Structure formats: structure tokens, C-alpha cells
Amino acid sequence: AQSVAQPEDQVNVAEGNPLTVKCTYSVSGNPYLFWYVQYPNRGLQFLLKYITGDNLVKGSYGFEAEFNKSQTSFHLKKPSALVSDSALYFCAVRDGANNLFFGTGTRLTVIP
Amino acid sequence: DVKVTQSSRYLVKRTGEKVFLECVQDMDHENMFWYRQDPGLGLRLIYFSYDVKMKEKGDIPEGYSVSREKKERFSLILESASTNQTSMYLCASRRTGGTGELFFGEGSRLTVL
């Protein structure tokens, strides 16, 4: 069975500093991994995905994610955080039924 | 721009009422999904549909049913609402054969009193 762990409920970072939101996964076969962002009272917006190829995936709004097969991780990163990046971030993995299984979310707060 | 529209952003219902949550997508996607979102639990899949008139149970289908009479529309039904169904409900769609990426609506926040 698949699983996704986002070990931090809350991440705080100062504006301008690099940010990392962590995600580890467990799935049979090759992983299809996703990051979504949710702003207050809104639906989820797609940020980026890893299917195959380069381990560093670039996405929307300057975000990127690093796939690490040996550590079964897919951490979300950004070199310089903005206050407007404050939101709820979800990691997801595609399961055997081709559905997305989501983590519990990490709330990112960027402090001015 | 792709669009998934959930007709009601905020609803307040009473225990025992029948509740309909409507979702429409304009992307000609075959697959549609209903999730509920609760703090600390993330998103949990209630029901999904791979095509018109098809439906499959997700991880938490109890207390819910769905209807997919047209390709663009997927309805979630709470036959008799209960307070533990107070939640944010998210509809999503995607095309068949893709990499699994979902497109989400804005969500429907339901409060059951």
C-alpha cells in the first residue's frame, strides 16, 4: 500500500531565506509524485510533479523539488521565500489504482 | 483556462437534511473525484468516477453517494447529513491516460448543525 508522510505540520521561515518542505513516500513500483499548494479558502493548485528523468524538478512560482530514490523523499524547495508563499502544501503519490494519495499537509509561514 | 466549478462555496445544513454538492468541469475530462479535507487528516478520497454512469468507492464512502449522469458533472450526495460530515469538500478532475495530475475546484465548506 502507498503512503505519504509530511513530518512537519508547520514550517516557519524568514522572508528571503531558502525554504524546504519535507515529504517521504512509500509506493510499489516507480513513484509518480506531486506537490500542490492551497491558499486560504481556495482549492488545491498544482505546483510540480516527478514522473521520470531528472531528479530536480522545477515548477510554478519558483518552486522546485528534489527526488531522492534511496531516501524515498521528494522535498519541496525554494531558494528565497516570499510572504506570499505562506500557504498549506500537500505532497501526493499516485497509487496502484492510478489515484492520488495525499499527505496531511504542511503549513508554511513566511515571516516578513 | 481549465476550470472545475463547485456551485456552493459555503453551505449550512441541519442534521438529517439531504445535501447535494455539485461539480462541473469544462475540460472534457473522463475522471472526476470527490475528496474531503479535514485539519490534520489531509485529503481523503470519498468517491470517484472514471466515466459517465460509473462510480467507485474511495477510502471513506460511508454516508455518501454520487451521481454522474453527464461527463462534465459529478454530484456528491449526503443522504442524511450528520455533524461529523462538517468539512471542506473538494472536487477534482483529470483526463484518462495522463500522469495523474488533478485539477481542483475551489471547494465547498459544509457545516452541519
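Note that the structure is a prediction, hence the values are computed from the model and not measured. (Residues numbered from 1 in each chain as written. Chains lettered and ligands numbered in written order. Predicted model: local features only at pLDDT ≥ 70, side-chain atom pairs only at ≥ 80, totals over all residues. Heavy atoms only, no water.)

(A) A look at the overall build of chain B. Per the secondary structure count, chain B includes zero helices and 11 strands. Its C-alpha atoms give chain B a radius of gyration of 13 Å, within 12% of the compact-globule value 13 Å for 113 residues. Across its three principal axes, chain B shows a C-alpha extent of roughly 40 × 30 × 25 Å. Expressed as a percentage of the 113 residues in chain B, the buried residues total 49%. Pairs at least 24 apart in sequence give 55% of the contacts found in chain B among residues at least 6 apart. Of the side chains in chain B, 17 bear a positive and 16 a negative charge, and the two mean positions are spaced by 4 Å. (Helix = DSSP H or I, 4+ residues; strand = E, 2+ residues; numbered from the N terminus. Rg over C-alpha atoms; globule rule 2.2 N^0.38 Å. Buried < 20%, exposed > 50% of the residue type's maximum accessible area, 1.4 Å probe, protein only. Contact = heavy atoms within 4.5 Å. Lys, Arg positive; Asp, Glu negative; His and termini not counted. Charge placed at Lys NZ, Arg CZ, Asp CG, Glu CD.)

(B) The overall build of chain A, seen in detail. Looking only at helices and strands, chain A has zero helices and 12 strands in total. Over its C-alpha atoms chain A spans a radius of gyration of 13 Å, differing by no more than 12% from the 13 Å that the globule rule assigns to 112 residues. Overall, chain A is about 40 × 30 × 20 Å in size when its C-alpha atoms are taken along their principal axes. The burial tally for chain A puts 45% of its 112 residues in the buried class. Contacts in chain A between residues at least 24 apart in sequence constitute 54% of all its contacts with a sequence separation of at least 6. Each charge class in chain A can be summarised by its mean position, and for the 9 positive and 8 negative side chains these summaries are 5 Å apart.

(C) Spotlight on the pattern of salt bridges. Going through the model one piece at a time under the given rule, you end up with 11 salt bridges over all chains. Across the pair Glu-106 of chain B and Arg-42 of chain A runs a salt bridge, and its minimum N-O distance is 2.5 Å. A residue pair is termed interchain when its members come from two chains, as with Glu-106 of chain B in the loop between strand S10 (103-104) and strand S11 (108-112) and Arg-42 of chain A in the loop between strand S5 (33-38) and strand S6 (44-50). On the accessibility criterion, Arg-42 of chain A (37% relative accessible area) is partly exposed. Among the ionic pairs, Arg-44 of chain B bridges to Asp-38 of chain B, the shortest N-O distance being 2.8 Å. Residue classification places Arg-44 of chain B among the partly exposed residues on the basis of a relative accessible area of 26%. (Salt bridge = Lys/Arg side-chain N within 4 Å of Asp/Glu carboxyl O.)

(D) Representation of the side chain of Arg-94 of chain B in the model. Tracing the sequence through the fold places Arg-94 of chain B in strand S9 (residues 87-94). As a buried residue without a salt bridge, Arg-94 of chain B has its nearest oppositely charged side chain in Asp-95 of chain A, at a separation of 7.2 Å.

(E) Structural detail: the interface of chain A and chain B. Across the contact, 22 residues belong to chain A and 24 residues belong to chain B. Of the roughly 1,700 Å² buried where chain A meets chain B, counting both sides, 46% is carbon and sulfur surface. When the area that chain A buries against chain B is broken down by residue, the three leading residues are Asn-41, Asn-99 and Phe-102 of chain A, summing to 28%. For the pair chain A and chain B, the interface holds two salt bridges. The interface formed by chain A and chain B contains seven residue pairs in polar contact (both at pLDDT 80 or more). Mapped onto the side of chain A that touches chain B, the elements with two or more residues apiece are S5, S6, strand S10 (87-94) and strand S11 (100-102) of chain A. A per-class count over the side of chain A that touches chain B returns 12 nonpolar, seven polar and three charged. (Buried area = accessible area lost by both parts, 1.4 Å probe. Polar contact = N/O pair within 3.5 Å; in protein donor to acceptor, adjacent residues only side chain to side chain. Nonpolar A, V, L, I, M, F, W, Y, C, P; charged D, E, K, R; others polar.)

(F) Representation of the packing of aromatic side chains in the model. Enumeration according to the criterion identifies 15 aromatic pairs over all chains in this entry. By the ring-pair criterion, three or more aromatic residues cluster together here, those being Tyr-36, Phe-46, Phe-90 and Phe-102 of chain A together with Phe-33, Tyr-35, Phe-48, Tyr-50 and Phe-104 of chain B. Residue placement shows Arg-94 of chain A over the ring face of Tyr-32 of chain A; its charged tip is 3.8 Å from the ring centre. (Phe/Tyr/Trp six-rings, centres within 6.5 Å; stacked < 30°, edge-to-face > 60°. Lys NZ or Arg CZ within 6 Å of the ring centre and 35° of its normal.)

(G) Quick look at the confidence of the model for chain A. Chain-level statistics for chain A give a pLDDT mean of 93 and a share of 100% at 70 or above. When mean pLDDT is taken per element in chain A, strand S2 (residues 10-14) of chain A scores highest with 98 and S11 of chain A scores lowest with 90. (pLDDT = per-residue confidence, 0-100.)

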